[in-house]
Amino acid sequence: MSAFPKLVSEHLCFGGKIGFYRHVSDTCNGEMRFSVYQPPQAKSAPVPVLYFLSGLTCTEENFMGKSGAQQFAAKYGIMLVVPDTSPRNRGIEGEDKDWDFGTGAGFYVDATQEKWRSHYQMYSYVVRELPALIADNFPVQPEKMGIFGHSMGGHGALVCALRNPELYKSVSAFAPIAAPMRCPWGQKAFSNYLGADKESWRDYDASELVLSAKFKRPILIDQGTADQFLAEQLLPEAFEKACAEAGQPLTLRYQEGYNHSYYFIATFIEDHIRHHAIALCS
Ligand SMILES: N[C@@H](CCC(=O)N[C@@H](CSC=O)C(=O)NCC(=O)O)C(=O)O
């Protein structure tokens, strides 16, 4: 049984409550932070749980402050859990040098390279340690678990679900980095965290994983057409092609004129929470 995490602050919201927490993570070898929205239904019975993985530069606060998700989590009776995007202040040389690598940019991988591997284990943290801690300490139905995310976090959500169809009942993404092996952000992160052998990168690339994945439940992706990162970094067309090859059900919606921001996420957040509610709340 994991110790109850330290409550940093708490705020009532739509009849439920948002809590910001910190705890000592065995997986990431030091303090990690996360936030939780408990819907009003959680006061009387355990509820399904939906993890949101945030993008580059984010903390556990961005989604809670900007997405407007709480009113829909309250409507459908789903708990939201938002981990931070990386370990912080670990004293690793260069950890704060770039906004797209290191602090705020853990890329949801388990690093294998010497400099990073004792702390940057975000895949195992998100898939194993955090869900176990949540199941031990919050009123959730752990077998009813979904995952979604934005950009780097959209990549993370797709990877977690495709690799663990027995754990995740639903997945969706906003503007995910859909083929990280083929884009500059992904190549920078993978070469530093995972090393030069590109074979090991395939375990963290949704467009590769989907070719042999057993997930097969419907995936929802929203992508803005005016997204400043679309052509160079996100590559949803590569994931769409791989899904078609693999027979993976995918709804990829191009939203005319929307950019990469949380204004885009807030616009379509109800559709995503409903997508998860259909899978988790039946
Ligand atoms: N610092 C960068 C922009 C960084 C950025 O746009 N981050 C996105 C995620 S990008 C992919 O993972 C984000 O979610 N930002 C947080 C927010 O609250 O908007 C720059 O200055 O260009």
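The structure we're discussing is the one just above.
Residues numbered from 1 in each chain as written. Predicted model: local features only at pLDDT ≥ 70, side-chain atom pairs only at ≥ 80, totals over all residues. Heavy atoms only, no water.

Trainee: I would appreciate a short explanation of the pairing of strand β7 (residues 170-174) in the present structure.
Mentor: A regular strand places its side chains so that they alternate between the two faces of the sheet. Burial analysis of β7 places five of its five residues in the buried class, the great majority of the element. Every second residue of β7 is oriented toward a common face, with S170, S172 and F174 on one face and V171 and A173 on the other, all of them buried. Both strand β6 (residues 140-150) and β7 contribute to a ladder of five bridges, which runs parallel. Among the inter-strand pairings, F148 is bridged to a residue of β7, identified as S172. The parallel pair β6 and β7, bridged by helix α5 (residues 152-163), forms a crossover whose chirality is right-handed. In this sheet, strand β8 (residues 219-224) lies alongside β7 in parallel orientation, the contact comprising four bridges. The residue of β8 that forms the bridge with F174 is D222. (Buried < 20%, exposed > 50% of the residue type's maximum accessible area, 1.4 Å probe, protein only. Helix = DSSP H or I, 4+ residues; strand = E, 2+ residues; numbered from the N terminus. Pairing = 2+ DSSP bridges. Right-handed = clockwise from strand over helix to strand, strands pointing away.)

Trainee: What is the right way to read the pattern of salt bridges from this model?
Mentor: For side chains of opposite charge, pairing can occur when their charged atoms come near one another. Applying the stated criterion to the full structure yields 17 salt bridges. With a shortest N-O distance of 3.1 Å, E199 and R202 are connected by a salt bridge. The network of salt bridges with shared partners includes K75, D222, R253, E270, D271 and R274. (Salt bridge = Lys/Arg side-chain N within 4 Å of Asp/Glu carboxyl O.)

Trainee: Help me understand helix α9 (residues 236-246) in this model?
Mentor: Along an α-helix, residues three or four positions apart point the same way, because every turn accommodates 3.6 residues. Every buried residue of α9 is listed here: P236, A238, F239, A242, C243 and A246. The arc enclosing the buried residues of α9, seen along the axis, measures out at 155°, which places them on a common side. More than 90 degrees from the buried face of α9, the exposed residues found are K241, A244 and E245. Phi for G247, located one or two positions after α9, is positive at around 70°. (Arc of directions from axis to C-beta.)

Trainee: Got a minute to help me understand the nonpolar core in this structure?
Mentor: A general trend in soluble globular proteins is that nonpolar side chains are found buried together. In this structure, F107, I134, I147, Y193 and F239 are the most contacted members of the largest nonpolar core, which totals 97 residues. If one sorts the elements of this core by residue count, helix α4 (residues 122-137) sits on top with eight residues. Other than its neighbours up to four places away in sequence, F107 contacts L56, T85, D100, M152, H155, I177, W185, G186, A189, F190 and Y193. (Core = buried A, V, L, I, M, F, W, Y, C linked by side-chain atoms within 4.5 Å. Contact = heavy atoms within 4.5 Å.)

Trainee: Which parts of the structure should I look at to understand α5?
Mentor: The end-to-end C-alpha distance of α5, which contains 12 residues, comes to 17 Å, matching closely the 16 Å that a straight helix rising 1.5 Å per residue would cover. For α5, the tally of buried residues reaches 11 of 12 residues, placing the bulk of the element in the interior. (Expected span 1.5 Å × (residues − 1).)

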